[in-house]
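Notes for the structure review
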Amino acid sequence: MIQHLETDGVPTLLAPTGGPMRAGLTFRVGTADETLARHGITHLLEHLVLAPLGSADYHFNGATGPTFTTFHMQGSAPDIATFLTSVCANLTDLPTGRLEVEKDILRTEWSSRGSAAIDDIPLWRHGARDHGLSSYPEWGLARLTAEDLRQWAARWFTRENAVLWIAGDRVPEGLRLELPTGTRQPVPTASSALPTTPAYFVHGSRAVILDAVVRRRTAAGIFAEVLERELFRALRQDAGLSYTISSGYEPRGDGQAHLRALADALAEKQDAVLGGFIDVLAKLRVGRIEQSDLDAAVAKRIDIYSTAEADAARLPAYALNLLTGEPNHTIDEHLALLKAVTLADLHEVAHETYASALLMVPEGTRADWAGFTAAPTSSQSSVSGTTYHARDDNSRLLVGTEGVSLVRPNSILTVTYADCAAMLAWPDGARQLIGHDALVLHIEPTLFDLRPAATNVIDSGVPADRQIMLPPRSPEEIPQPGAVRQAHEHLNRPKRPGWETLLITISGLAALVVGGFTLLLTIGLLIEPTAEEDVAVLWGAVVVGWLLTVILALPVVLLTRGRRR
């Protein structure tokens, strides 16, 4: 059983374990509570808190998710007490001396992490705010100050907004959780960037991914397992189209959960994988669900709850439920809920899944034929303002007092200042406006007949707290119009060595002289008759002359072509 205790005013959960003691202090704050312009503040604070703790004989770490942040450790009771006591001390008196160092570490962490196909799903569903921020780089790091972090800690890292969980037989002696008072913070309301669902978007990854938002309940978790079994059977075992098939079910803390599934594909099999994936969804939606799949999924969950470590293993999730007000159940209650799931329940979840579905499809494919609507990649209207024409094409940039629009022959991109989540700004005048709907409008002064006054209008329109200044770009990073680009390429072309120039000159002149003489000789033989005894000799001279001309011209051709490359 999980015991409910209290430590220095912090709700505490205790469950027995047969292994080493482990513990975590979880707070109800994460990336979904940030704004795009300050994205990274929670992660930075987590790093600052842990930085002074150095190394230990046992593993400790921190984790920042969309709606929670946890500091956790495995080790002896005294080590855990020292670790969590130090975490709380650092939260109340932030060690900001390493602020710039930790910013650099986080930038390195982002640049070195591999991109996964699923990373872009949040921004397509939610846009550039709350639950969509996990798709974006931590652009807010540069402008964050020590005072910003202190205010963030005082608001979110309080005893009322925390839960301590311990897998062990007791609360470690000497543990002190000296945190400021505050209030329990609700989970942020999830926004939507999708006008309608089911929807789809095209991605360069060779995978089909489903993301759906369903009511949090036991049947939804079981449905994720059943969906994976169906996809595995159809796409891997029967058709041999996919290798990796996976699914997931992740509660969001607001009574809803994300249900996801993935199937990879070879480039030449992408259409077939997409078709097979959608066929499986349609099969489940009409109620063609196997009882054997339901039984297997339930049995798998029951096995998890039957281990001696079951209560200890579910402590982190139990703590999150406590923080978000979601119900917590005993193991017996979980088992009863599992055994009560029916095929009718799964059929109902299948309808929920389809109704809220967002499908990521490989480049070159579409899902319109299956009833999915393309997620918006352009705006419905443009703003009124001064027009600036592009130097290379028929695009027009409209800069007004309400926002900016980029008008192309077949599309419009508009970001209003009021709906701008963040604006990236470079010293050379380039601007990138990101709307709350995740649409991005990039402005390069070199590509438009843009005047400094236009940039001033944009800078004054976007609220100052949403502007992110970035370091200067190298000249190679700044795009240029076609004519300018070609001129730069010509000027930047490596100089030809002197010996090449000399060889080309000598070879060219020699080829010209020999070729000219041979041409005249050839014309003379064709026009004026020649004694038979001289014809063979003269035509032989013509052949030799043309061969010699080709040989002499060869260095000119080879050196010139090589330089062009």
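Right, let's walk through the structure included here.

Let's talk about empty space enclosed by the protein
- Summed over the entire model, instances satisfying the criterion amount to one cavity of 30 Å³ or more.
- Its volume calculated, the largest cavity comes out at about 40 Å³.
- Phe223, Leu281, Ala350, Thr353 and Tyr354 together form the lining of the largest cavity.
- For the lining of the largest cavity, the element with the most residues is helix α12 (residues 343–355), which contributes three residues.
- Class assignment of the residues belonging to the lining of the largest cavity gives a composition of four nonpolar, one polar and no charged.

Quick look at the layout of surface pockets
- Within this model, the second largest pocket holds a volume of roughly 270 Å³.
- Lining of the second largest pocket is provided by 14 residues; of these, Pro376, Thr377, Ser378, Asp437 and Leu439 occupy positions nearest its centre.
- Class assignment of the residues belonging to the lining of the second largest pocket gives a composition of nine nonpolar, four polar and one charged.

Observations regarding the sheet that holds strand β14 (residues 396–399)
- An order of β13-β14-β15-β16 is seen for the four strands of this open sheet, with the pairing classed as antiparallel. In this open sheet, the two strands that pair with only one neighbour each are β13 (386–389) and β16 (411–416). Strand-to-strand, the axes of this sheet are offset by a mean angle of 15 degrees, without reference to chain direction.
- Two elements, β13 and β14, share four bridges in a ladder whose sense is antiparallel. Paired with Thr386 across the strands is Val399, a residue of β14.

Some thoughts on the packing of aromatic side chains
- Under the counting rule described, the total for this entry stands at seven aromatic pairs.
- With 4.4 Å between their ring centres and 10 degrees between their planes, Trp124 and Phe201 make a pair best called stacked. Residue Trp124 is found in helix α4 (residues 121–126), and its partner Phe201 is found in strand β7 (residues 199–203); the two are separated by 77 residues along the sequence.
- Residue class for Phe201 comes out buried when judged on its relative accessible area of 2%.

Some remarks on the side chain of His126
- Within the fold, His126 resides in helix α4.
- From its side chain, His126 meets the backbone oxygen of Ser191 in a polar contact 2.7 Å long.
- In this structure, His126 is in contact with His131, Gly132, Ala190, Ser191, Ser192, Ala193, Arg252, His258 and His436, ignoring residues within four places of it in sequence.

Examining the pattern of salt bridges
- Applying the stated criterion to the full structure yields 29 salt bridges.
- Asp33 is the partner of Arg28 in a salt bridge, and the nearest nitrogen-oxygen pair spans 2.8 Å. In this structure, Arg28 and Asp33 share a single accessibility class: buried.
- Across the pair Asp169 and Arg170 runs a salt bridge, and its minimum N-O distance is 2.8 Å.
- Its relative accessible area of 40% is what places Arg170 among the partly exposed residues.
- If you follow the salt bridges from partner to partner, you end up with Arg229, Glu230, Arg233, Lys283 and Asp293 in one network.

Analysis parameters
- Residues numbered from 1 in each chain as written.
- Predicted model: local features only at pLDDT ≥ 70, side-chain atom pairs only at ≥ 80, totals over all residues.
- Heavy atoms only, no water.
- 1 Å grid on protein atoms, 1.4 Å probe; cavity = no way out; pocket = protein on both sides within 12 Å on 5 of 7 lines; lining within 4 Å.
- Points joined across faces, edges and corners; volume = space filled by probe spheres on them.
- Helix = DSSP H or I, 4+ residues; strand = E, 2+ residues; numbered from the N terminus.
- Nonpolar A, V, L, I, M, F, W, Y, C, P; charged D, E, K, R; others polar.
- Pairing = 2+ DSSP bridges.
- Axes fitted to C-alpha atoms, helices over the stretch in contact; angles between N-to-C directions.
- Phe/Tyr/Trp six-rings, centres within 6.5 Å; stacked < 30°, edge-to-face > 60°.
- Buried < 20%, exposed > 50% of the residue type's maximum accessible area, 1.4 Å probe, protein only.
- Polar contact = N/O pair within 3.5 Å; in protein donor to acceptor, adjacent residues only side chain to side chain.
- Contact = heavy atoms within 4.5 Å.
- Salt bridge = Lys/Arg side-chain N within 4 Å of Asp/Glu carboxyl O.

The values are spatial; any link to function lies outside them.
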